[in-house]
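# Results of the structural survey
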Amino acid sequence: MEVQIIFPSSACEKKLLNKSVQDLEKAGFQVQFKFPKPYLPLPFFASNLESRISELNSALLSKSEAPILCARGGYGASDLLPYIPWAKLKTAPAKWLVGFSDISALQCALFSRLGWPSIHGPMPGTHFWGKKGGKDISQLLTLLRKPKCLEGSIRLKAISKHKLYSKEGWLFGGCMSVLSNLIGTPYFPQSLRGAFLFLEDTGEHPGRILRMLNQFSSSGILENASALILGNFGEDPLLKALHKEIAKRSPIPVFLSEDFGHISPNFPLVLGANGVINEKTLNWTYEV
């Protein structure tokens with residue numbers, strides 16, 4: 001089975017990616033990718049804007065059913081959104097786009113504009129790939145083999161006093177800072193009514209996280225969701241106090257999970273999947 005790796009955001013280490021590609025090939029996948037030409041004026045980009053647009057659109061419009069794995073996040077994905085051929089893609093078959101961090105911009109836009117599901121999960125050009133036993137990678141590879149029903153689960157811990165009246169919902173989320181900057185644009189859902197909103201981030205000051213929470217709340221996005229699930233946000237000493245503050249401010253039930261984020265393991269979550277929260281677990285399924 002084929003998979004394609006693209007570089008829509010920042011560059012990654014060749015040695016690191018080559019090792020992950022070997023893992024994919026050992027698992028039976030045929031991997032298609034080409035290292036981009038560095039963009040020296042702004043080296044935090046994998047390549048110049050034109051090259052990244054061309055590679056992304058070629059992958060999205062390809063007749064191949066190969067899942068698309070983003071090498072890594074960083075910065076640059078949101079720059080590409082105005083250049084995606086949305087009209088053409090409306091008649092194209094949906095493509096699985098895998099990634100997290102900055103890739104949340106692409107996943108959010110594809111879901112909002114086209115209804116395409118995406119996999120928030122491990123990326124082969126990061127240091128997190130295959131660490132701590134690689135259980136998240138094993139689950140991702142199972143999903144990439146296209147079973148008729150995709151499924152997964154993450155552990156939860158309730159931290160708010162709100163009662164979860166509806167245990168069923170649908171999944172949406174990603175990197176908090178990336179998603180908060182898309183609110184109010186054509187690339188963000190008009191409503192998250194009934195959603196289990198999962199958010200994670202890294203390297204953000206607690207004050208900035210609360211500022212982003214205000215954006216979700218003031219826009220009416222948060223109150224329409226059924227639950228807020230906070231993934232890993234790093235190791236800030238104020239993190240416990242931040243969790244309590246978020247739980248106090250949130251109009252909906254809040255849960256914690258250490259099973260996804262800029263960490264390992266980073267278990268896959270499918271945007272648009274059906275979810276059920278049972279006490280300390282979120283189980284999700286997606287019918288292909």
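None of these values were measured; they are calculated from a predicted model.

### Some thoughts on the sheet that holds strand β1 (residues 2-6)
- Reading across from one edge, β2-β1-β3-β4-β5-β12 is the order of the six strands in this open sheet, with mixed pairing throughout. Two strands in the sheet have a free side with no partner beyond their single neighbour: β2 (30-32) and β12 (269-270).
- In this sheet, strand β5 (residues 119-120) lies alongside strand β4 (residues 97-99) in parallel orientation, the contact comprising two bridges. Opposite Gly 99, over in β5, you have His 120 as the bridge partner.
- Along the sheet face, helix α2 (residues 49-61) touches β1 and β3 (68-70) and points at about 160 degrees away from the line of β1.

### Looking at helix α4 (residues 104-114)
- Of all 11 residues in α4, nine are buried; the element is thus mostly enclosed.
- Every buried residue belonging to α4 is among Ser 104, Ala 105, Leu 106, Gln 107, Cys 108, Ala 109, Leu 110, Phe 111 and Leu 114, and all of these are buried.
- On its buried side, α4 packs onto α2, α3 (86-89), β4, β5, β8 (168-175) and α6 (176-180).

### Some words on the nonpolar core
- Ranked by size, the top nonpolar core spans 96 residues in total, and within it Phe 188, Phe 216 and Leu 228 carry the most contacts.
- For this core, the leading source of residues is α4, giving seven residues.
- With residues near it in sequence (within four places) discarded, Leu 228 still touches Leu 197, Leu 199, Leu 213, Leu 222, Ile 246, Ser 250, Ile 252, Pro 253, Val 254 and Phe 255.

Thresholds, definitions, all that
Residues numbered from 1 in each chain as written. Predicted model: local features only at pLDDT ≥ 70, side-chain atom pairs only at ≥ 80, totals over all residues. Heavy atoms only, no water. Pairing = 2+ DSSP bridges. Helix = DSSP H or I, 4+ residues; strand = E, 2+ residues; numbered from the N terminus. Contact = heavy atoms within 4.5 Å. Axes fitted to C-alpha atoms, helices over the stretch in contact; angles between N-to-C directions. Buried < 20%, exposed > 50% of the residue type's maximum accessible area, 1.4 Å probe, protein only. Core = buried A, V, L, I, M, F, W, Y, C linked by side-chain atoms within 4.5 Å.

By themselves, these observations are geometric and do not establish any function.
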